[in-house]
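Results of the structural survey
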Amino acid sequence: MNYVMSFVVGGIICVLGQIVIDTFKKNNAYLLVLLVVTGTFLGYFGIYDKIIEIGHSGATVPLLGFGHALAEGAVEEAASKGFMGALSGGVKKTAPGVAAALIFGYIVSIVFNPKGNK
């Protein structure tokens, strides 16, 4: 059942993002920032934790989950280390995911030959 709920919640997040792209016809960078900031605010109000309980990986993998993890890390470190912890906490919390994305992205770029922009 976790797989199904992950798929459903992740799919809903993606559908909402696609609706924003189609409706506002802005650069996709606006959507990326909107998703990260929305995840931060939903985490602040305790809503995103409930979404994670329902959607598991479907809620933590998209950019909403990244924003939530940034804010959560900043709050945790700020409680123990003050202002400097608030600045570094989000980076510490999200570093493994960012590093994995960079490493796997690099490996895929070496293995596969892109066919666009010839």
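Residues numbered from 1 in each chain as written. Predicted model: local features only at pLDDT ≥ 70, side-chain atom pairs only at ≥ 80, totals over all residues. Heavy atoms only, no water.

Regarding the environment of Ile 107
The topology assignment puts Ile 107 in helix H6 (residues 83-111). Sequence separation of Ile 107 and Ile 54 is 53 residues, and the distance between their C-alpha atoms is 32 Å. (Helix = DSSP H or I, 4+ residues; strand = E, 2+ residues; numbered from the N terminus.)

Some remarks on the pattern of salt bridges
Counted according to the given criterion, the structure contains 4 salt bridges. For the salt bridge of Glu 72 with Lys 93, the shortest nitrogen-to-oxygen distance reads 3.0 Å. Taken as a pair, Glu 72 in helix H5 (residues 63-81) and Lys 93 in helix H6 lie far apart in primary sequence, 21 residues in all. Classification of Glu 72 by relative accessible area gives partly exposed; the value is 28%. By relative accessible area, Lys 93 is classed as partly exposed at 36%. The partner of Glu 76 in a salt bridge is Lys 93, and the shortest N-O contact between them spans 3.8 Å. Here Glu 76, found in helix H5, pairs with Lys 93, found in helix H6; they are 17 residues apart in sequence, far enough to count as distant. (Salt bridge = Lys/Arg side-chain N within 4 Å of Asp/Glu carboxyl O. Buried < 20%, exposed > 50% of the residue type's maximum accessible area, 1.4 Å probe, protein only.)

Let's talk about the environment of Asn 2
Tracing the backbone through its elements, the reader meets Asn 2 in helix H1 (residues 2-24). Relative accessible area serves as the criterion here: at 47%, Asn 2 is assigned to the partly exposed category. Separated by 61 residues in the primary sequence, Asn 2 and Leu 63 place their C-alpha atoms 20 Å from one another.

Brief notes about the packing of aromatic side chains
Following the criterion strictly, the structure yields 1 aromatic pair and no others. Seen in terms of ring centroids, Tyr 44 and Phe 45 are 5.0 Å apart; in terms of plane orientation they differ by 80°. Their pairing is edge-to-face. Like Tyr 44, the residue Phe 45 is exposed in the burial classification. (Phe/Tyr/Trp six-rings, centres within 6.5 Å; stacked < 30°, edge-to-face > 60°.)

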